[in-house]
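Structural description and commentary
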Amino acid sequence: MKTKILHHNEPHALNQAAELLLQGDVVALPTETVYGLAANASDPVALKKIFDAKGRPSNHPLIVHIQSVATLSTWATNIPEQAYQLAAAFWPGPLTLVLEKAPWVPYEVTGGQNTIAVRVPANPIMQTVLNLSGLGLAAPSANLYKKISATTAEHVYAGLAGRIPMIIDGGSCAFGIESTILDVTRTPPRILRAGPITASDIALVLSQDIDAPKEHDISISGNKKSHYQPNANLFLMSAKEIKEALITMSGEIGVFLYSAHLCDDLLTLTKISLPNKNILLKQLPNEKVRYAALMYTTLHELDKARVDNILVEHPPNTEAWLDVIDRLKRASSSKAI
């Protein structure tokens, strides 16, 4: 299969994407979080193409993207008032709600569960394709299963070329990290995946505390222990551990930093004490939103550079950084240094 990349501004590009989706095929589309591999969420045959292209287990539930809150009752039933409060506050945007599925919804999209994960995306390209097709679109991240999420069309092509017919290039994703998943079938509502919308954000809207466990065994998108992984071994470390590892570690090493002072220290270390080692330093912003937007891109760049190991400075242990830390932990290698 030849994979075609169309820029979203090319004449009829989005119409072609909508037509492919209506024909039961898959298309990679940008959202404000990451690129999604979209298919008709009501068509089991089309959904199978998502699992086949990604190499993803078919019992792993998918998130359904819908046009607006007005269509929520098509997909879900027994919708609590809290869901509408949250939709008013955060949709369109990076919040996914877990609700009881409508009886007609195929189990292929829910991973065999009686709940469905739904959100209204903010990206105008995704919104246009939703409206042109009139479909609800299942759209997990457009990458091979357990690999780094794609935040540009180039990332999608690198992982899925020859597996899917079309990629719509909409530039870089604004958030660059997956949505928050919140289960509103429970009391209190429970965060199942950390994301840009924090527990505090949600609690403020609902005027109640939110359950936000660090670990759980509920099957939802992105909850595998190993996920978002680069080809290189990734180690999440303190500044002290990074300095010690650079001295003993061999091979090509990528170092992924958020603090400027550590970058300065390592530049000095590599020039004076380790001049013969191949060390690639990547400094990201120390502001969480900008860091998150560049995180997957930086991991893709280090993979492209074919480093053997990636050392990541542990970000601050604060609520705002929980989604970043979650993704980096899942991307971490089980291999000891």
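Here the structure is shown first, and the text comes after it.
In short, a report on the structure. Just so it is clear, the structure is predicted and the values come from calculations on it, not from any experiment.

**Notes on the overall build of the protein chain**
- Counting secondary structure elements, the protein chain contains 12 helices and 15 strands.
- Computed over C-alpha atoms, the radius of gyration of the protein chain comes to 20 Å, within 12% of the 20 Å expected from 2.2 N^0.38 for 337 residues, which places it in the range of a compact globule.
- Judged by the C-alpha coordinates and their principal axes, the protein chain covers about 65 × 50 × 30 Å.
- Out of the 337 residues in the protein chain, the part that is buried amounts to 56%.

**A short note on helix H1 (residues 13-22)**
- Of the residues making up H1, those classed as buried are Ala13, Leu14, Ala17, Ala18, Leu20 and Leu21. On an axial view of H1, the arc spanned by its buried residues comes to 160 degrees, and they lie on one face.
- Close packing links the buried residues of H1 with strand E1 (4-7), strand E2 (27-29), strand E3 (36-40), helix H6 (124-133), strand E8 (137-138) and strand E9 (166-169).
- Directly beyond the C-terminal end of H1, a positive phi value near 90 degrees is found at Gly24.

**Observations regarding unusual backbone geometry**
- Residue Pro92 is reached from Trp91 by a cis peptide bond, and omega for that bond is -10 degrees.
- Tracing the chain through its elements places Pro92 in the loop between helix H4 (81-90) and strand E6 (95-101).
- Going from Thr187 to Pro188, the amide bond is cis rather than trans, its omega being -5 degrees.
- Assignment of secondary structure puts Pro188 in the loop between strand E10 (180-183) and strand E11 (190-193).
- The phi angle at Asn78 is positive, at roughly 50 degrees, despite the residue not being glycine.

**A few points about the pattern of salt bridges**
- Per the stated rule, a full pass over the model turns up 10 salt bridges.
- In this structure, Glu301 engages Lys282 in a salt bridge whose closest nitrogen and oxygen atoms are separated by 2.9 Å. Separated by 19 residues along the polypeptide, Glu301 in helix H11 (residues 288-304) and Lys282 in strand E14 (residues 279-283) bring together distant segments of the chain.
- When the shortest N-O distance is used, the salt bridge between Lys288 and Asp323 registers 2.9 Å. Here Lys288, found in helix H11, pairs with Asp323, found in helix H12 (residues 322-331); they are 35 residues apart in sequence, far enough to count as distant.

**Notes on empty space enclosed by the protein**
- Taken as a whole and assessed by the stated rule, the structure comprises one cavity of 30 Å³ or more.
- Lining the largest cavity are 24 residues; nearest its centre among them are Ala139, Pro140, Ser141, Glu178 and Arg193.
- Across the lining of the largest cavity, the residue classes break down as seven nonpolar, 11 polar and six charged.

**Remarks on the packing of aromatic side chains**
- With the rule as written, the count across this model stands at five aromatic pairs.
- Arranged with centres 6.0 Å apart and planes meeting at 25 degrees, the rings of Tyr228 and Tyr296 form a pair that is stacked. Taken together, the residues span a long stretch of sequence, with Tyr228 in the loop between helix H8 (199-206) and strand E12 (233-237) and Tyr296 in helix H11 at a distance of 68 residues. By the burial criterion, Tyr228 is buried, and Tyr296 matches it.

**Overview of the pairing of E3**
- Within E3, five of the five residues are buried, which leaves the element mostly enclosed by the surrounding structure.
- Direction of pairing for E2 relative to E3: antiparallel, over a ladder of three bridges. What sits directly across from Val27, in E3, is Ala38.
- What sits between the antiparallel neighbours E2 and E3 is a turn of six residues.
- Pairing of E3 with E8, which is carried by two bridges, proceeds in the antiparallel orientation. Bridge pairing in E8 links Asn40 to Leu137.

**What to know about the packing of H4 against H8**
- Packing of H4 against H8 brings their axes to within 10 Å, and their N-to-C directions diverge by 115 degrees. The two elements H4 and H8 meet at a crossing, and its hand is right-handed. For the pair H4 and H8, the contacting residues are Gln82, Gln85, Leu86, Ala89 and Phe90 in the first and Asp201, Ile202, Val205 and Leu206 in the second.

**Some thoughts on the layout of surface pockets**
- Roughly 400 Å³ of internal volume is contained in the second largest pocket.
- Elements with a contribution of two residues or more to the lining of the second largest pocket: helix H7 (153-160) and H11.
- Looking at which element gives the most residues to the lining of the second largest pocket, the answer is H11, with five residues.
- Residue composition of the lining of the second largest pocket, by class: three nonpolar, seven polar and five charged.

What counts and what doesn't
- Residues numbered from 1 in each chain as written.
- Predicted model: local features only at pLDDT ≥ 70, side-chain atom pairs only at ≥ 80, totals over all residues.
- Heavy atoms only, no water.
- Helix = DSSP H or I, 4+ residues; strand = E, 2+ residues; numbered from the N terminus.
- Rg over C-alpha atoms; globule rule 2.2 N^0.38 Å.
- Buried < 20%, exposed > 50% of the residue type's maximum accessible area, 1.4 Å probe, protein only.
- Arc of directions from axis to C-beta.
- Contact = heavy atoms within 4.5 Å.
- Salt bridge = Lys/Arg side-chain N within 4 Å of Asp/Glu carboxyl O.
- 1 Å grid on protein atoms, 1.4 Å probe; cavity = no way out; pocket = protein on both sides within 12 Å on 5 of 7 lines; lining within 4 Å.
- Points joined across faces, edges and corners; volume = space filled by probe spheres on them.
- Nonpolar A, V, L, I, M, F, W, Y, C, P; charged D, E, K, R; others polar.
- Phe/Tyr/Trp six-rings, centres within 6.5 Å; stacked < 30°, edge-to-face > 60°.
- Pairing = 2+ DSSP bridges.
- Axes fitted to C-alpha atoms, helices over the stretch in contact; angles between N-to-C directions.
- Left-handed = near helix turned anticlockwise from the far one by under 90°.

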